[in-house]
Amino acid sequence: MPRIPTRSRAVAAGPRIPHRSRAVAAGFLLPALLLLGALVVYPIGYSVRRSLFDRSDASFVGLDNYLALVTDDSLRTAVRNNLIWLVVAPAVATALGLVFAVLTERVRWGTAFKLVVFMPMAISMLAAGIIFRLVYEQDPDRGVANAVWVGVHDTFAESSGFPRARPLPVHPLKAAGGGAFVTKEPVRAGVPVLLPLVGVAPAQMPQDARPARTPHATGTGTGTGTGADITGTAWLDFTRGGGGKPNVVDPKELGLKGLRIEAVRDGKVVATATAAADGSFSLPADRADGAVLRLPASNFREQYDGVEWLGPSLVTPAVIGAYVWMWAGFAMVLIGAGLAAVPRELLEAARVDGANEWQVFRRITVPLLAPVLVVVLVTLMINVLKVFDLVFVIAPGSAQDDANVLALQLYRSSFGTDADLGVGSAIAVVLLLLVLPVMVVNIRRIRKESRR
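Criteria and thresholds
- Residue numbers run consecutively from 1 along every chain, following the written order of its sequence.
- Where totals are concerned, whole chains, interfaces and linings use all residues; where local detail is concerned, this predicted model gives features only for residues with pLDDT of at least 70, and gives and counts side-chain atom pairs only at 80 or more.
- The side-chain values count all of the structure's non-hydrogen atoms but skip hydrogen atoms and water molecules.
- Helix numbering and strand numbering both begin at the N terminus, where a helix is a DSSP run of H or I of at least 4 residues and a strand a DSSP run of E of at least 2.
- For the radius of gyration, the atom set is restricted to C-alpha positions; the globular benchmark scales as 2.2 Å times the number of residues to the power 0.38.
- Partly exposed residues are those whose accessible area sits between 20% and 50% of the maximum for their type, while under 20% is buried and over 50% is exposed, using a 1.4 Å probe and protein chains only.
- Residues count as neighbours in contact if any of their non-hydrogen atoms are within 4.5 Å of one another.
- Note that accessible areas follow from Shrake-Rupley with a 1.4 Å probe, and for residues the cover is restricted to the protein chains shown.
- The charge count includes Lys and Arg as positive and Asp and Glu as negative, but it does not include His or the ends of the chains.
- Positions of charges follow a simple convention, taking NZ of Lys, CZ of Arg, CG of Asp or CD of Glu.
- Every case where a carboxyl oxygen of Asp or Glu lies within 4 Å of a side-chain nitrogen of Lys or Arg is listed as a salt bridge.
- Here, expected helix span is obtained from the residue count minus one, scaled by 1.5 Å.
- Identification of polar contacts relies on pairs of N or O atoms within 3.5 Å, with a donor-acceptor requirement for protein atoms, meaning one able to donate a hydrogen and the other able to accept it, and with residues adjacent in sequence counted only if both atoms are side-chain atoms.
- Axes here mean lines fitted to C-alpha atoms, for a helix over just the part in contact, with angles spanning 0 to 180 degrees between N-to-C directions.
- Small angles under 35 degrees read as roughly parallel and large ones over 145 as roughly antiparallel, with 65 to 115 read as roughly perpendicular and the rest as oblique.
- Nonpolar cores are built from buried Ala, Val, Leu, Ile, Met, Phe, Trp, Tyr and Cys residues. Side-chain atoms within 4.5 Å join them into one set.
- Strands are treated as partners if at least two bridges between them are detected by DSSP.
- Working definition: a ring pair exists when centres of Phe, Tyr or Trp rings (six-membered ring for Trp) sit within 6.5 Å. Plane angles under 30 degrees give stacked, over 60 give edge-to-face, the rest tilted.
- Both a distance and an angle decide whether a charge sits over a ring: NZ of Lys or CZ of Arg must be within 6 Å of the ring centre and within 35 degrees of the ring normal.
- What makes a crossing left-handed is the near helix being turned counterclockwise from the far one by less than a right angle; a clockwise turn instead makes it right-handed.
- In this count, Pro and Cys sit with the nonpolar residues alongside Ala, Val, Leu, Ile, Met, Phe, Trp and Tyr, while Asp, Glu, Lys and Arg are called charged and the others, Gly among them, polar.

Student: Quick question: what am I supposed to make of the overall build of the protein here?
Tutor: Assigned secondary structure in the protein consists of 15 helices and eight strands. Its C-alpha radius of gyration of 37 Å places the protein more than 25% over the 22 Å reference for a compact globule of 452 residues. Reported as C-alpha extents along the three principal axes, the dimensions of the protein are approximately 150 × 75 × 40 Å. Within the protein, the proportion of its 452 residues that are buried is 37%. Sequence separation of at least 24 residues holds for 68% of the intrachain contacts in the protein that already meet a minimum separation of 6. As displayed, the protein has an accessible area near 26,200 Å², and 63% of this comes from carbon and sulfur atoms. Separation between the mean location of the 45 positive side-chain charges and that of the 35 negative ones in the protein comes to 15 Å.

Student: Just to check I follow, could you spell out the pattern of salt bridges for this structure?
Tutor: Here the idea is simple: oppositely charged side chains can pair when their charged atoms come close. Summed over the entire model, instances satisfying the criterion amount to twelve salt bridges. A salt bridge links Arg50 to Asp57, with the nearest nitrogen and oxygen atoms 3.9 Å apart. Asp208 is the partner of Lys257 in a salt bridge, and the nearest nitrogen-oxygen pair spans 2.2 Å. Note that Lys257 is positioned in the loop between β4 (230–236) and β5 (260–265) and Asp208 in the loop between β3 (193–197) and β4, a separation of 49 residues in sequence. Through salt bridges with shared partners, a single network forms among Arg49, Arg50 and Asp57.

Student: Before we go on, may I ask you to explain helix α15 (residues 421–450) in this structure?
Tutor: It helps to recall that an α-helix has 3.6 residues per turn; residues three or four apart then point in one direction. The end-to-end C-alpha separation of α15 is 42 Å, in line with the 44 Å expected for 30 residues at 1.5 Å each. For α15, the capping residue at the N-terminal end is Asp420, with a side-chain oxygen 3.1 Å from the backbone nitrogen of Gly422.

Student: Honestly, the packing of helix α4 (residues 73–104) against helix α14 (residues 406–415) in this entry has me stumped. Any pointers?
Tutor: Two numbers describe a pair of packed helices, the interaxial angle and the distance between the axes. Where α4 contacts α14, the axes come no closer than 8 Å and their chain directions differ by 150°. Judged by the inter-axis angle, α4 sits roughly antiparallel to α14. Across the interface between the two elements, Ser74, Leu75, Ala78, Val79 and Asn82 from α4 touch Leu406, Ala407 and Gln409 from α14.

Student: I keep staring at the nonpolar core and nothing clicks. Help me out?
Tutor: Burial of nonpolar side chains together is a common tendency in soluble globular proteins. Ranked by internal contacts, the top residues of the largest apolar core, which has 46 residues, are Trp85, Tyr323, Ile335, Leu390 and Ile394. Looking at this core, the elements with two or more residues in it are α4, α6 (125–135), α9 (315–340), α10 (344–352), α11 (357–368), α12 (370–385) and α13 (389–394). The greatest single-element share of this core, amounting to 14 residues, is contributed by α9.

Student: I keep staring at the sheet that holds β5 and nothing clicks. Help me out?
Tutor: Paired through their backbone hydrogen bonds, the strands of a sheet run either parallel or antiparallel. In space, the five strands of this open sheet follow the order β1-β2-β8-β5-β6, with antiparallel pairing throughout. This sheet does not close on itself; its edge strands, each paired only once, are β1 (173–177) and β6 (268–274). Averaged over all pairs of adjacent strands, the angle between their axes in this sheet comes to 35°, without regard to strand direction. Pairing geometry for β5 and strand β8 (residues 292–295), over three bridges, is antiparallel.

Student: Hey, could you run me through the packing of aromatic side chains in this one?
Tutor: The geometry of two aromatic rings is summed up by the distance between their centres and the angle between their planes. On inspection of all chains with the given rule, the structure shows 16 aromatic pairs. Their ring planes at 65° and their centres at 5.1 Å tell us that Phe132 and Trp325 sit as a pair that is edge-to-face. Of this pair, Phe132 sits in helix α6 while Trp325 sits in helix α9, and the two are 193 residues apart along the sequence. Overall, the relative accessible area of 34% leaves Trp325 in the partly exposed class. Taking the centre distance of 5.4 Å and the plane angle of 55° together, the rings of Phe388 and Tyr411 count as tilted. One end of the pair, Phe388, is in the loop between α12 and α13; the other, Tyr411, is in helix α14, with 23 residues separating them in the sequence. On the basis of relative accessible area, Phe388 is assigned to the partly exposed category, the value being 24%. Every member of this aromatic cluster is reached through a ring pair, and the members are Phe132, Tyr136, Trp149, Trp309 and Trp325. When the ring centre of Phe53 is taken as origin, the NZ or CZ atom of Arg49, which lies over that ring, is 4.9 Å away.

Student: How should I be thinking about the pairing of β6 in this particular structure?
Tutor: In summary, the side chains of a regular strand alternate between the two faces of the sheet. Judged from the six bridges that link them, β5 and β6 form a sheet pairing that is antiparallel. When the sheet's bridge partners are listed, Glu262 is paired in β6 with Thr272. In sequence, β5 turns back onto β6 through a hairpin of two residues, with Asp266 there showing a positive phi of about 55°.

Student: I would appreciate a short explanation of the sheet that holds β3 in the present structure.
Tutor: The three strands are arranged β3-β4-β7 in an open sheet whose pairing can be described as mixed. Looking at strand neighbours, the two that pair on one side only are β3 and β7 (280–283), the edges of this open sheet. Within the sheet, the average angular offset between the axes of one strand and its neighbour, ignoring direction, is 25°.

Student: Honestly, the packing of α4 against α9 in this entry has me stumped. Any pointers?
Tutor: Between α4 and α9, the shortest axis-to-axis distance is 6 Å and the interhelical angle comes to 45°. By the angle class used here, α4 and α9 are oblique. α9 is crossed by α4, and the crossing has right-handed handedness. Here the residues of the contact of α4 with α9 sort into 20 nonpolar, five polar and no charged.

Student: When you look at the environment of Val61 in this model, what are you seeing that I'm missing?
Tutor: Inspection of the secondary structure puts Val61 in the loop between α2 (19–50) and α3 (64–71). Considered as a pair, Val61 and Val92 are 31 residues apart in the sequence and their alpha carbons are 41 Å apart. Apart from the residues lying within four places of it in its own chain, the contact partners of Val61 are Leu52, Phe53 and Asp54.

Student: What is the right way to look at the environment of Ala189 in this model?
Tutor: Tracing the chain through its elements places Ala189 in the loop between β2 (180–183) and β3. In sequence terms Ala189 and Ala285 are 96 residues apart; their C-alpha atoms lie 5.7 Å from each other.

Dropping the structure here:
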């Protein structure tokens, strides 16, 4: 049997890489490996080691720094908020992106709409945080969210005319409880009634308010019920620049237009009136004679200032709203690209078979887009685990503990005034452990798709 030449054996066994080629490949890979080791491997190893030591890095404490994540109140809040972020933010952003991608296919100006929705992605997290810090301002004159909310509220609920208005001790009025005021004495027909108040800012006075009219007696004024109406004046008993007298209608003092007045007898309202532009009002004597006059609390309640978006209870949903505003466009673009690859014949065949649009969307479009939806969802889940700047900028100092997340707590524990690098390193390791499963799922999915 003839022998196979050496060269033929080498060819049969497969090509062998020369030692020189291996050295060249290693030379090219070495800088990347050095950078990977210096920027990734070494920091991870150091963080794991540092998380096992105390604040001063002198004593080994084992897992105590990790136990602090479930025993310390601020750290527990950060963990709870991170779970809320992980469940809510990616799901909402992906759902909105799916809705936008599907609807823009039917809109004439779909491309322009996609551009507008995607535009927040061009804004940095810091800039977006500043924008939404202004949007969520409590003052409706500055915060857009509360300006809209107050406008809707005032459409269905009338606001108070004179918040913080009150009588002076020398006035013929006294507190009646619940924010209302009543006259100290019952009113009588023919005897003018004075209802002076103070505490109304000039800017809160009705623009069409006129100088208050001095009330005049009608009828005999004997208090015997002559049938004359009970008249009076409600006015702002304050003269700008001084010089006015209490309980006297001075020339420069204005009437409290729109003030509601009630005549109350035996706990029941028997007559009502509303002050005119000059503060004058009139009540029928046959019902109001001998009653006390009450200024109900509805005249004086504080104006509705909207929702405290950045308060302890709503600060986390508010920051999540800012995040969704930024990343819904990202989800829309990726899902739109996947939607463009969906075979149109399948959709048309379903419509021909009698399926309505909702059935086509739920049973065909969504299942076909499932791989893309998983990509978007996983990407956003990794992203929200690292969210820091939005929370740091939007949440005010008074509510930052309530909006705390792990990335923010990592910064505060590592670089704050009461820094503890052991706890900070433990948080960093926990964040790494939370990200790893999501990354593994993503890598497996990518490999599975590459084999197809």
